[in-house]
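Here's the letter readout for the chains.
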Amino acid sequence: MKKIIVLILLTIAIKGSAQNSKSIFGKDPIINLENWQKKKIYFGFFLGFNSYDFKIDYKKMETDPGYSTDIQTDNAVGFNVGLVTNVRLMEYLDLRFEPGLYYANRTLHYPPTVGFNSPNDAIRDINSTYINFPLLLKFSSLRTGNVRPYLLGGVSANLNLSSNAKSLDDNLEERFRVKSWTTNYELGFGIDIFSEYFIFSPSIRGQFGISDELIRDKDPNSPWTGNIEAMKSRGFLINFTFH
């Protein structure tokens, strides 16, 4: 189903300008939206997909049957949707604010050396609903016909609506907790494709957590959190933006 959505988006973006021989990617294309990039401010929206995992740092790296030093993360494909505000700072530099809603799912698998009483104790499903607030700088290259590549970089803050941060229960009650707010830096690249009526802008981006987001269990020797020095989210994002 997700592959079908991607194909539909790509078809809509390109078909409108490919009706004649002078298409977007033709040798001598008709220049679409020639003055659009001179606008001081413009808006858009994006749809996309994500894949999140965790970067985990441990307190004890040596083999210890009481602690885990090899927690595996299984990640699933999530969904992104949001809005875009683009402010032109100069000819090749823009400031972008892209608030969005990101759904992500991860599963932690603890190694058998920890010695849990039940197989279910060695698995923790973490469903996250992020409201992402990124502030990014967009560095664009020269426009070639109806195509203009760009680089993105900046910082963001995530509000996790599914963090369980206020819960009094912890992993003994099968409740894995993370902090509500985390900070990240983001890096990526994309391409603006100017069609006759709008700009289609696919991009690929990495999101890297700066702050530790784990909330430890009440027991300092907890087999789930006791040996974790820091746990930070990492995300791989693919967005399809329309202006």
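What comes next is a walk through the structure. (Residues numbered from 1 in each chain as written. Predicted model: local features only at pLDDT ≥ 70, side-chain atom pairs only at ≥ 80, totals over all residues. Heavy atoms only, no water.)

Some points on the nonpolar core
Right, on to step 1. Counting residues in each nonpolar core, the largest one holds 15 residues, and the members touching the most others are I56, I71, L108, Y110, F176 and M231.
Right, on to step 2. Looking at this core, the elements with two or more residues in it are β1 (41–58) and β10 (228–242).
Right, on to step 3. The element contributing the most residues to this core is β1, with three residues.
Right, on to step 4. The residues contacting I71, other than those within four sequence positions of it, are I56, Y58, L108, H109, Y110, P111 and I228.
Right, on to step 5. F46, Y52, Y102 and L237 belong to the second largest nonpolar core, which has seven residues in total. (Core = buried A, V, L, I, M, F, W, Y, C linked by side-chain atoms within 4.5 Å. Buried < 20%, exposed > 50% of the residue type's maximum accessible area, 1.4 Å probe, protein only. Helix = DSSP H or I, 4+ residues; strand = E, 2+ residues; numbered from the N terminus. Contact = heavy atoms within 4.5 Å.)

A few points about unusual backbone geometry
Right, on to step 1. At N164, a position not held by glycine, the phi torsion is positive, near 60 degrees.
Right, on to step 2. Mapped onto the elements of the fold, N164 is located in the loop between β7 (147–160) and β8 (181–194).
Right, on to step 3. Phi angles above zero are rare outside glycine, and E174 is one such case at about 60 degrees.
Right, on to step 4. Inspection of the secondary structure assignment puts E174 in the loop between β7 and β8.
Right, on to step 5. Judged by relative accessible area, which is 56%, E174 ranks as exposed.

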